[in-house]
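# Notes for the structure review
One-letter residues, chain by chain:
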Amino acid sequence: MIYNDSFTSKSATEIIRLLGQRFRDYRLRMALTQAEVATRAGVSVLTVVKFESGRAENVSMRTFLSLLRSIGSLGDMADVLPELPPDPYA
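Described below are features of the structure shown in this document.

The next subject is the side chain of Glu52. When you line up the elements, Glu52 lands in helix α3 (residues 45–53). Among residues more than four places away in sequence, those in contact with Glu52 are Gly20, Gln21, Phe23, Arg24, Arg27 and Gln34.

Here it is as structure tokens:
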């Protein structure tokens, strides 16, 4: 898996699939089972299975954040929308 692929040229479905695959890679690197992640995140194992397989196209933001928290990656969300620099015109 190449992680520095640009998401800008991908459809939402492709991005969801890639995020699920990346999540699975993190989970496996941490030696966690899907059941352990589900318990940590407060979701069903089926939710984890669907997310990792790219079939969870309607996963809620709450569930997504809980899944990230379960693998210790919630702090990385700041990189998605970093704070803006000061407005030079202000």
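Picking up where we left off.
The next subject is the packing of aromatic side chains. If you walk through the whole model with that rule in mind, you get two aromatic pairs. The interplanar angle of 70 degrees and the centroid separation of 5.4 Å between the aromatic rings of Phe23 and Phe51 together place this pair among those described as edge-to-face. Remark: Phe51 occurs in helix α3 and Phe23 occurs in helix α1 (residues 12–29); sequence separation between them is 28 residues. Given the relative accessible area of 3%, Phe23 is considered buried. Geometrically, the ring pair formed by Phe51 and Phe64 is edge-to-face, given 5.9 Å between the ring centres and 70 degrees between the ring planes.

The topology assignment puts Val80 in the segment after α4 (61–70). Here Val80 falls in the exposed class, since its relative accessible area comes to 55%. Put simply, Val80 and Phe64 are 16 residues apart on the chain and 13 Å apart in space, counted from C-alpha to C-alpha.

We now examine the pattern of salt bridges. Using the criterion set out here, one finds two salt bridges in the structure. Note that Arg27 and Glu52 form a salt bridge whose closest N and O atoms lie 2.5 Å from each other. Here Arg27 is found in helix α1, whereas its partner Glu52 is found in helix α3, with 25 residues between them in sequence. Here the two residues Arg27 and Glu52 agree in accessibility, since each one is buried.

Scoring rules and cut-offs
- Residues numbered from 1 in each chain as written.
- Predicted model: local features only at pLDDT ≥ 70, side-chain atom pairs only at ≥ 80, totals over all residues.
- Heavy atoms only, no water.
- Helix = DSSP H or I, 4+ residues; strand = E, 2+ residues; numbered from the N terminus.
- Contact = heavy atoms within 4.5 Å.
- Phe/Tyr/Trp six-rings, centres within 6.5 Å; stacked < 30°, edge-to-face > 60°.
- Buried < 20%, exposed > 50% of the residue type's maximum accessible area, 1.4 Å probe, protein only.
- Salt bridge = Lys/Arg side-chain N within 4 Å of Asp/Glu carboxyl O.

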